[in-house]
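In case you want the letters, here they are:
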Amino acid sequence: QQMRPQRGDHDQMVPPRQIPTGLNDPITPLPWNDLVMEEVEAIGLHMLTRLEALLSGASVTESIYTFLYAHQAVLDDMIRHVSPSLTDQVSAVLTSSTLAVSVEQKVLLSLTQGLVELSDVIRNIVLHADIYEEEDFSVNTFGLTMENICQKQDALHSLQHGWNLVSEESPLFNLFHFFHSFLEACSTLAKLASSSCRQVAQQTKLIIQNGLDHLTKLKQASQLSHDVLDLCY
């Protein structure tokens, strides 16, 4: 945040920028049409840092929504491009324009949907668990609307589809699997009941271990190119 002088002796706290209006935001247009896989890898690693910030106790506005692709207007643009409505398809035919969708665009959308759904699940766990102190997690959204773009099963399916689009040598392959395992573990624990506590706990343990294995591979990935690391920094 930054301080902007106002009339009189008082200053008013204002956001450093407005919420993005879409992929072609006038302040910060986001890479989309000419995406290459190395850029998506860098963006994916940035997502991981935003998730880490959320799990460290930061609010969604301080963590997930500093990642501009996660904002609803941007997601709507991405979804319209990757899965155009019948109206959009007819319009493209009438104007002789193309609706080509690249693998990179599909991968980025799948990852972003997984990240947003994860943030929503984590926030709901904190809200309903009744074991966290206010200092541990900030659940305030500061006016941002937490809109569900898809159900958990749709998000899980989207992540599964995503890892089939990348090679096993890509760091994105392990990132997809980690997001999927984390979301599946959270969803499984939501079904916890006294009659199935042991079974659910054992099932969740296996899911978490699978996710940790992929996270370890991601951290140790020797195939990250210098170009990707440069983009991250």
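Calculation rules
Residues numbered from 1 in each chain as written. Predicted model: local features only at pLDDT ≥ 70, side-chain atom pairs only at ≥ 80, totals over all residues. Heavy atoms only, no water. Phe/Tyr/Trp six-rings, centres within 6.5 Å; stacked < 30°, edge-to-face > 60°. Buried < 20%, exposed > 50% of the residue type's maximum accessible area, 1.4 Å probe, protein only. Core = buried A, V, L, I, M, F, W, Y, C linked by side-chain atoms within 4.5 Å. Helix = DSSP H or I, 4+ residues; strand = E, 2+ residues; numbered from the N terminus. Salt bridge = Lys/Arg side-chain N within 4 Å of Asp/Glu carboxyl O. pLDDT = per-residue confidence, 0-100. Contact = heavy atoms within 4.5 Å. Expected span 1.5 Å × (residues − 1).

Student: Lay out the packing of aromatic side chains with the relevant residues and their values.
Tutor: Summed over the entire model, instances satisfying the criterion amount to three aromatic pairs. Both rings, one in Phe-67 and one in Tyr-69, keep their centres 5.5 Å apart while their planes meet at 40°; by these two values the pair is tilted. Tyr-69 gets classed as buried once you look at its relative accessible area, which sits at 5%. Ring geometry for Phe-178 and Phe-179: centres 6.2 Å apart, planes at 45°, overall tilted.

Student: Residues and numbers for the nonpolar core, please.
Tutor: Met-47, Leu-51, Tyr-69, Met-78, Leu-108, Leu-111 and Phe-179 are the most contacted members of the largest nonpolar core, which totals 45 residues. For this core, the elements supplying multiple residues, two or more each, are α1 (37–55), α2 (72–82), α4 (103–129), α5 (152–163) and α6 (171–189). Broken down by element, the residue count for this core peaks at nine residues, all from α4.

Student: Can you tell me about the pattern of salt bridges, naming the residues and giving the values?
Tutor: Taken as a whole and assessed by the stated rule, the structure comprises one salt bridge. Among the ionic pairs, Arg-80 bridges to Asp-77, the shortest N-O distance being 2.4 Å. Taken together, the residues Arg-80 and Asp-77, both in helix α2 and three residues apart, mark about one turn of the helix. For Arg-80, a relative accessible area of 45% puts it in the partly exposed group. The exposure class of Asp-77 is partly exposed, given its relative accessible area of 21%.

Student: Would you mind going over the confidence of the model for the chain in detail, with residue names and values included?
Tutor: Of all residues in the chain, 68% attain a pLDDT of 70 or more, and the chain-wide mean is 76. Taken together, the stretch residues 1–13 has pLDDT below 50 and engages in 17 contacts with residues farther than four places along the chain or on a different chain. Under a pLDDT of 50 for its full length, residues 222–233 has, in the predicted model, 17 contacts with residues more than four places off or in other chains.

Student: Describe α1, naming the residues involved and giving the relevant values.
Tutor: In this model, α1 (19 residues) spans 27 Å end to end at C-alpha, consistent with the 27 Å of a helix rising 1.5 Å per residue. Regarding α1, the residues found buried are Val-40, Glu-41, Ala-42, Ile-43, Gly-44, Leu-45, Met-47, Leu-48, Arg-50, Leu-51, Ala-53 and Leu-54. Immediately beyond the C-terminal end of α1, within one or two residues, lies Gly-57, with a positive phi of roughly 115°.

Student: Give a detailed account of the environment of Leu-109, specifying residues and quantitative values.
Tutor: For Leu-109, the location among the structural elements is in helix α4. Classification of Leu-109 as buried rests on a relative accessible area of 6%. Filtering out sequence-adjacent residues up to four positions away, Leu-109 remains in contact with Leu-75, Met-78, Ile-79 and Val-82.

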